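One-letter residues, chain by chain:
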Amino acid sequence: MSKAAGDVEDSVLHYLKQANRPYSAVDVFNNLHGQYGRTLVVRTLDVLAQSGQVKEKVYGKQKVYVADQQNCSTADDATLKGMDAELLQLGVRLRASEQQLQTSECQLRALQSTPTTPDACRSLQELQVACSGYEVRLHGLRNRDNGVSPQQRDEIRRANELCVREWRRRKRIAVEMLNAIMEGYPNSRADLLEETGFETDEACGVALPGR
């Protein structure tokens, strides 16, 4: 066996032992990232299978290869317990890292949604300008000569209340009339409204003010 062929066998066997799971020849070739040619990898797996260093299983037209478990070193109980303890510690560290990641992501989103100092200063200036304009308008409204006096406001409010009361009274009368007619009307209420040309508040898009 040449030195090059021995290197390929060592690489393929080492990979299968490290992976410790069955692979097809194509999988081994791909997972070695093209380090060796596909034909060479297939031939090497056949050689390793013939020598008993790997196990070969045939599923239909496909062959899979796995390292011979008998050639793998076994761990004693103390080593296994140590590995379990390490695995537990790694799990705790993983959960802590995930929690820290979530906290950092929340903080990042909060920072990204917070305006920068220049943006905040610019917004403040815009608000101050707008407030100044509103103050000027308010001052003008308060001091203009043609403003509405308190007496005029009272008169307007009383007139509005009177109109609303009359509106409510007339609506009640109209509804009572419609209900009385509907008792002997053969068609629907909509037909009656259309036939009489009666316009409801809803049809006109208006509504009585609340009490």
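For the structure, see preceding data.
Residues numbered from 1 in each chain as written. Predicted model: local features only at pLDDT ≥ 70, side-chain atom pairs only at ≥ 80, totals over all residues. Heavy atoms only, no water.

Description of the sheet that holds strand S1 (residues 23-24)
Right, so step 1: Taken in spatial order, the three strands of this open sheet run S1-S3-S2, and their pairing is antiparallel. The sheet terminates laterally at S1 and strand S2 (54-59), the two strands that pair on one side only.
Right, so step 2: Looking at chain direction, S2 and strand S3 (residues 62-67) are connected through six bridges and run antiparallel. By the bridge assignment for S3, Lys55 is matched with Val66.
Right, so step 3: The strands touched by helix H3 (residues 38-50) are S2 and S3; relative to S2, the strand with the most contacts, the crossing angle is about 110°. (Pairing = 2+ DSSP bridges. Helix = DSSP H or I, 4+ residues; strand = E, 2+ residues; numbered from the N terminus. Contact = heavy atoms within 4.5 Å. Axes fitted to C-alpha atoms, helices over the stretch in contact; angles between N-to-C directions.)

Side note on the packing of helix H6 (residues 150-182) against helix H7 (residues 189-196)
Right, so step 1: Running from N to C, H6 and H7 cross one another at 115°; their axes reach a closest spacing of 11 Å. In terms of orientation, H6 lies roughly perpendicular with respect to H7. The element H6 and its partner H7 pack so that their crossing is right-handed. Contact residues: H6 offers Leu178, Asn179, Ile181 and Met182, while H7 offers Arg189, Leu192 and Leu193.
Right, so step 2: Broken down by class, the residue content of the contact of H6 with H7 amounts to five nonpolar, one polar and one charged. (Parallel < 35°, antiparallel > 145°, perpendicular 65-115°, else oblique. Left-handed = near helix turned anticlockwise from the far one by under 90°. Nonpolar A, V, L, I, M, F, W, Y, C, P; charged D, E, K, R; others polar.)

With respect to the pairing of S3
Right, so step 1: With two bridges connecting them, S1 and S3 associate as antiparallel partners. Note that in S3 the partner of Ser24 across the bridge is Val64.
Right, so step 2: In sequence, S2 turns back onto S3 through a hairpin of two residues, with Gly60 there showing a positive phi of about 70°.

With respect to the pattern of salt bridges
Right, so step 1: In the structure shown here, the tally under the stated rule is six salt bridges.
Right, so step 2: Glu166 is paired through a salt bridge with Arg169; the nearest N and O atoms lie 2.5 Å apart. Here the residue Glu166 and the residue Arg169 both occupy positions in helix H6, the gap between them amounting to three residues, near one helical turn.
Right, so step 3: One salt-bridge network, held together by shared partners, links Glu166, Arg169 and Arg170. (Salt bridge = Lys/Arg side-chain N within 4 Å of Asp/Glu carboxyl O.)

Considerations on unusual backbone geometry
Right, so step 1: Within the chain, Asn20 stands out as a residue other than glycine whose phi angle is a positive 55°.
Right, so step 2: Tracing the sequence through the fold places Asn20 in the loop between helix H1 (3-19) and S1.
Right, so step 3: The backbone phi angle of His33 is positive, close to 55°, even though this residue is not glycine.
Right, so step 4: Summarising the element assignment, His33 is placed in the loop between helix H2 (25-31) and H3.
Right, so step 5: Residue class for His33 comes out exposed when judged on its relative accessible area of 71%. (Buried < 20%, exposed > 50% of the residue type's maximum accessible area, 1.4 Å probe, protein only.)

None of the figures reported here should be taken as evidence of function without further support.
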